[in-house]
Amino acid sequence: MVTGHAVIHDVAVFDGERLLEGRHTVTIQDGRIAAVVSSTALPPEMLAAARRAGRLIEGTGRTLLPGLIDLHVHLTWSAGTDPVATLALESPEQTLLRAVGHGLAQRDAGITTVRDLGSPHDLAIHLGQAIAAGWVPGPRVIASGRTLIMTGGHDPFWGLMVDGRDAALKGVRTQLFAGAQVIKVSATGGVYGRAAGEAVDDVELLPEELAVIVEQAHRRGVKVAAHAIGAEGITNCLDAGVDTIEHGHFLTAAHAKRMAEAGTVLVPTLFVYQQVANAPGVPAYASAKAQAIVARHREAVAIARAAGVRIGAGSDAGSPGTPHPSLIEEIACLAAAGLPTTEALAAATAVAAEALGMAEEIGRIRPGLRADLILVDGDPTADLAALRRVTHVLQGGVLVTTRG
Ligand SMILES: [Zn+2]
C-alpha cells in the first residue's frame with residue numbers, strides 16, 4: 001500500500017479529544033482523512049473493493065488515534081547517562097546518523113511528529129528536511145536547530161550565544177535562515193547541561209532579548225519555545241509572549257492565569273526529571289538538582305490545570321535515562337499528575353498540534369486532516385498501556401509500520 005488510500009474498518013476512534021461512541025470506518029484518500037462513518041454505514045461493495053485492492057485495514061478490537069506528537073525531543077542525544085559527553089566524542093556525521101536511527105525508533109512506536117528543541121550544527125533541521133524529502137524514513141521533525149542562549153547560558157553545546165537586542169535579532173534571523181520551524185530559547189538555567197555555573201532559578205536571556213526574539217519569530221509565523229524553570233524567568237517569557245513554556249517547575253497561580261488567557265501551552269516534561277533524579281549513573285550534580293524540584297513539578301502541573309492552561313506532552317527524549325521514544329511514559333506521568341486519561345492523550349495529539357500551530361493539519365481524526373494515524377490493540381482511554389501495542393502506523397495514509 002503506497003498510494004495514500006486506505007479504509008480502516010470497524011475501529012474505536014479517539015479523535016484527539018475524546019473516544020467517539022460506537023465503532024467506525026475511516027476512509028483515506030490522497031493522504032488525507034476523507035470520512036469517518038459508523039461501521040455499519042459503509043456500503044458493503046466499498047468494503048469489498050477496498051479488500052480486493054489490498055487497501056483494507058481490519059480494526060476490530062483496536063483503537064485508531066491521531067499519530068502521536070512529542071513536543072520536546074533531542075534526536076541527536078543518546079539517552080545514555082551523559083549524552084553531552086557522548087556528543088563530544090562523535091563527529092557531526094556520526095551524530096546525524098545516530099539521529100536518523102532515533103527518529104525511526106520514534107516513528108515506529110507511533111510518534112509521527114516530533115518537535116526537536118536543540119541540536120548541534122542544526123542537525124535536527126537537516127534531518128527534518130531529509131525526512132520531508134523522502135531521503136530517509138522518520139517522523140515529521142519540527143526543529144529549532146541551535147538554541148538561543150545568553151553567553152554561558154543553559155545548553156551551550158548547541159546554543160547560539162546572543163547578548164543584547166541586536167545580537168538576539170541576529171540570532172533569531174540566523175536560525176530562521178537556517179530553516180528552523182520553531183525557535184528555542186533558554187530563559188533560565190537548567191538541571192543537566194553544565195556541571196557547574198548554572199542554577200534553575202537563574203534568569204538568563206533578559207526581557208528585552210526575549211521580546212525581540214519573539215517579535216521577530218512571530219513576524220515570520222514561527223513559534224517560540226522557552227526553557228523556563230525559575231519563576232522570574234517564566235514571568236519574563238510570558239511578558240515576551242512565548243508560545244510554550246518548557247518544564248515550568250516554579251509556575252505560580254498568577255503565571256497560570258496569564259497562560260490560560262494568552263493560550264500559552266505548558267510542556268512540563270515530567271518523566272525526564274524523574275529519570276534524571278533517579279536513574280543510575282546520571283551525573284551526581286544533575287541528579288541532586290532534579291531531586292530538589294521533582295515534587296514542585298507535579299504541583300506546577302496541578303496549578304496549571306486548575307487555571308485551565310493547555311498542557312502538551314513532551315518527553316525530552318535523548319536526555320539522561322530518557323530513551324527514544326519516551327512519550328508513552330510522559331503521557332503516563334501526566335495522568336499520574338492528575339490529568340484524566342483522555343486529557344493526557346489529547347496532550348500528545350490535539351493540544352500538541354495546536355502548540356505547533358498545525359491544528360488544521362494533524363492531531364485529530366477529522367475529514368480533511370492529514371492521515372497520520374496509529375492503530376493500537378485495546379482501548380488507551382481505559383488503559384494507557386494499550387499505546388505500547390501499536391499495530392499500524394500510517395503517515396499521510398501510507399502504511400509504514402505494521403505489527404500483528
Ligand atoms: Zn530539552
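Residues numbered from 1 in each chain as written. Predicted model: local features only at pLDDT ≥ 70, side-chain atom pairs only at ≥ 80, totals over all residues. Heavy atoms only, no water.

Draft legend 1. The domain arrangement of the chain, seen in detail. When the domains of the chain are assigned, the result is domain 1 (6-66 + 364-402) and domain 2 (68-355). The C-alpha centroid of domain 2 is placed 31 Å from the C-alpha centroid of domain 1. Contacts between domain 1 and domain 2 engage 20 residues on the former and 22 residues on the latter. Each partner contributes to the roughly 1,700 Å² buried at the junction of domain 1 and domain 2, and carbon and sulfur atoms together form 63% of this total. Among the residues domain 1 hides against domain 2, the three largest losses belong to Leu384, Leu387 and Gln395. Together they make up 29% of the total. On the surface where domain 1 and domain 2 come into contact, there are three salt bridges. In this structure, Glu329 engages Arg388 in a salt bridge whose closest nitrogen and oxygen atoms are separated by 3.3 Å. The interface formed by domain 1 and domain 2 contains eight residue pairs in polar contact (both at pLDDT 80 or more). (Domains from an automatic or database assignment. Contact = heavy atoms within 4.5 Å. Buried area = accessible area lost by both parts, 1.4 Å probe. Salt bridge = Lys/Arg side-chain N within 4 Å of Asp/Glu carboxyl O. Polar contact = N/O pair within 3.5 Å; in protein donor to acceptor, adjacent residues only side chain to side chain.)

Draft legend 2. Main features of the side chain of Asp155. With respect to the secondary-structure elements, Asp155 resides in the loop between β9 (147-149) and β10 (159-161). One buried charged residue, Asp155, remains without a salt bridge, the closest side chain of opposite sign being Lys184 at 4.9 Å. Of note is the side chain of Asp155, whose polar atom sits 3.3 Å from the side chain of His154. (Helix = DSSP H or I, 4+ residues; strand = E, 2+ residues; numbered from the N terminus. Buried < 20%, exposed > 50% of the residue type's maximum accessible area, 1.4 Å probe, protein only. Lys, Arg positive; Asp, Glu negative; His and termini not counted.)

Draft legend 3. Broad picture of unusual backbone geometry. A cis geometry characterises the amide bond from His324 onward to Pro325, with omega recorded as 0°. A positive phi angle, near 65°, is found at Asp10, a position not held by glycine. With respect to the helices and strands, the residue Asp10 is situated in strand β1 (residues 6-13). One non-glycine residue, His121, lies in the positive phi region at around 55°. If you trace the backbone, His121 turns up in the loop between β7 (111-116) and α4 (123-132).

Draft legend 4. Structural detail: the sheet that holds strand β8 (residues 140-143). Taken in spatial order, the three strands make up an open sheet running β6-β7-β8, and their pairing is parallel. The open sheet has two free edges, formed respectively by β6 (68-73) and β8, since each of these has just one partner strand. Going from strand to strand, the sheet's axes swing by 15° on average, the running direction of each strand aside. Sheet analysis places β7 next to β8, joined by four bridges and oriented parallel. Counted as the bridge partner of Asp116 is Ala143 from β8. (Pairing = 2+ DSSP bridges. Axes fitted to C-alpha atoms, helices over the stretch in contact; angles between N-to-C directions.)

Draft legend 5. Quick peek at the coordination of the zinc ion. Protein ligation of the zinc ion involves His72 (NE2), His74 (NE2) and Asp316 (OD), the donor distances falling in the range 2.0 to 2.3 Å. All donors of the zinc ion come from a single chain, and their spacing in sequence reads H-x1-H-x241-D. Here His72 is found in strand β6, whereas its partner Asp316 is found in the loop between α10 (284-307) and α11 (327-336), with 244 residues between them in sequence. This pair shows no difference in class: His72 is buried, exactly as Asp316 is. (Donors = N, O, S within 2.8 Å, 3.2 Å for Na, K, Ca; no water.)

Draft legend 6. Geometry of the nonpolar core. With 71 residues, the main nonpolar core has Ile183, Val185, Ile213 and Ile245 as its most contacted residues. A domain-level breakdown of this core finds at least three residues from each of domain 1 (6-66 + 364-402) and domain 2 (68-355). If we skip the residues at most four places from it in the chain, Ile213 touches Leu148, Ala168, Val172, Ile183, Val185, Leu205 and Val224. Membership of the second largest hydrophobic core comes to 18 residues, among which are Val191, Val200, Val272 and Ala277. (Core = buried A, V, L, I, M, F, W, Y, C linked by side-chain atoms within 4.5 Å.)

Draft legend 7. Spotlight on the environment of Ala217. Position of Ala217 among the secondary structure elements: in helix α6 (residues 207-219). Measuring from C-alpha to C-alpha, the distance between Ala217 and Gln181 comes to 9.5 Å, with 36 residues separating the pair along the chain. Leave out the neighbours within four places in its chain, and Ala217 touches Val172, Ile183, Val222 and Val224.

Draft legend 8. Inspection of the packing of helix α7 (residues 231-240) against helix α8 (residues 253-262) at higher detail. Two numbers describe how α7 lies on α8: the axes approach to 11 Å, and their chain directions differ by 20°. One way to sum up the angle between α7 and α8 is to call them roughly parallel. Of the two elements, α7 crosses α8, and the hand of that crossing is left-handed. Here α7 contributes Ala231, Ile234, Thr235, Leu238 and Asp239 to the contact with α8, which in turn contributes His255, Arg258 and Met259. Among the residues forming the contact of α7 with α8, the class breakdown is four nonpolar, two polar and two charged. (Parallel < 35°, antiparallel > 145°, perpendicular 65-115°, else oblique. Left-handed = near helix turned anticlockwise from the far one by under 90°. Nonpolar A, V, L, I, M, F, W, Y, C, P; charged D, E, K, R; others polar.)

Draft legend 9. Region of the structure containing the pairing of β1. A large share of β1 lies buried, amounting to eight of its eight residues. The pairing of β1 with strand β2 (residues 24-29) spans four bridges and is antiparallel. In the strand pairing of β2, Ala6 is matched with Ile28. In terms of strand pairing, β1 meets strand β4 (residues 56-58) through three bridges, oriented parallel. Residue pairing in the sheet places Val7 in a bridge with Leu56 of β4. As paired strands, β1 and strand β5 (residues 62-66) are joined by two bridges and run parallel to one another.

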